[in-house]
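Residues per chain, in single letters:
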Amino acid sequence: MKGKKILYIAFVAVGLCLTMVSIFLWKARFPDHIGGILMGSGSGMVAIGLTRTLMLHLDQKDPVQARKKEIEATDERNVAIRRRAKALSGDVLQWAVIAASWVSLGFDAPLWVTLAAIAAFVSKSVLEVYLVLRYQQEM
């Protein structure tokens, strides 16, 4: 627990440093995209660090609730439900990427946009076949 708390506090500290660097770069008239990347990354790290620290504090404050949450997270039924939801969302996303590639063709988008969408579709399909074969051997 103490190691996690130190990690989360480090996340907050690094995030604040990135945010401050972003502000200094903005005042020094650096390009906006550099400051934007640093501000977004820093803000995200601060949010993650604070949220995780708060959750860790709440778990330490109420161990019964923390144990209940842990059991719920590792319950076979809940794990199966989450895996099924992830699989379905992956399928929906896969077909949405193909639809986006068709739309990009219709709007005369650069060819690389369409090719990137097709490459994502093919990569997901190849990964899916690989994982099916791997899991068939394991189970």
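Everything below is about the structure printed above this text.
Residues take numbers from 1 onward in each chain, read along the sequence in its written order. Two thresholds apply to this predicted model, a pLDDT of at least 70 for residue-level local features and 80 or more for giving and counting side-chain atom pairs, whereas whole-chain, interface and lining totals are computed over all residues. Side-chain measures here rest on the full set of heavy atoms in the structure, leaving out hydrogens and waters.

## Some details on the packing of helix 1 (residues 2-27) against helix 2 (residues 32-61)
Right, so step 1: In this analysis an axis means a line fitted to C-alpha atoms, helices contributing only their contacting stretch, and an angle means the value between N-to-C directions, from 0 to 180 degrees. We count a stretch as a helix when DSSP gives it H or I for four or more residues in a row; a strand needs E for two or more, and each element gets its number in order from the N terminus. Where helix 1 contacts helix 2, the axes come no closer than 7 Å and their chain directions differ by 155 degrees. Relative to helix 2, the element helix 1 lies roughly antiparallel. Once helix 1 is placed against helix 2, the crossing between them reads as left-handed.
Right, so step 2: When its residues are assigned to classes, the contact of helix 1 with helix 2 shows 19 nonpolar, 9 polar and 4 charged. Comment on the angle field: the value is read as roughly parallel under 35 degrees, roughly antiparallel over 145, roughly perpendicular from 65 to 115, and oblique elsewhere. A crossing counts as left-handed when the near helix is turned anticlockwise from the far one by less than a right angle, and as right-handed when that turn is clockwise. The residue classification treats Ala, Val, Leu, Ile, Met, Phe, Trp, Tyr, Cys and Pro as nonpolar and Asp, Glu, Lys and Arg as charged. All others, Gly included, are polar.

## A short note on the packing of helix 3 (residues 63-74) against helix 4 (residues 76-106)
Right, so step 1: In contact at an axis separation of 5 Å, helix 3 and helix 4 are set at 55 degrees when each is read in the N-to-C sense. The angle between helix 3 and helix 4 falls in the class oblique. Taking contact as the criterion, the partners of E72, A73 and T74 in helix 3 are, on helix 4, E76, N78, V79 and R82.
Right, so step 2: When the residues that make up the contact of helix 3 with helix 4 are grouped by side-chain class, the tally is 2 nonpolar, 2 polar and 3 charged. Residues count as neighbours in contact if any of their non-hydrogen atoms are within 4.5 Å of one another.

## What about helix 1?
Right, so step 1: Its 26 residues give helix 1 an end-to-end C-alpha distance of 38 Å, which sits within 8% of 38 Å, the value for a rise of 1.5 Å per residue.
Right, so step 2: Accessibility here uses a 1.4 Å probe with only protein chains present; expressed as a share of the type maximum, an area under 20% marks a residue as buried, one over 50% as exposed, and anything in between as partly exposed. Within the sequence span of helix 1, burial applies to Y8, V12, G15, T19, S22 and L25.
Right, so step 3: Directly beyond the C-terminal end of helix 1, a positive phi value near 65 degrees is found at R29. For a helix, the expected span equals 1.5 Å multiplied by the number of residues minus one.

## Focus on unusual backbone geometry
Right, so step 1: At D108, a residue that is not glycine, the phi angle is positive and equals roughly 55 degrees.
Right, so step 2: Of note, D108 is situated in the loop between helix 4 and helix 5 (111-138).
Right, so step 3: Judged by its relative accessible area of 71%, D108 falls in the exposed class.

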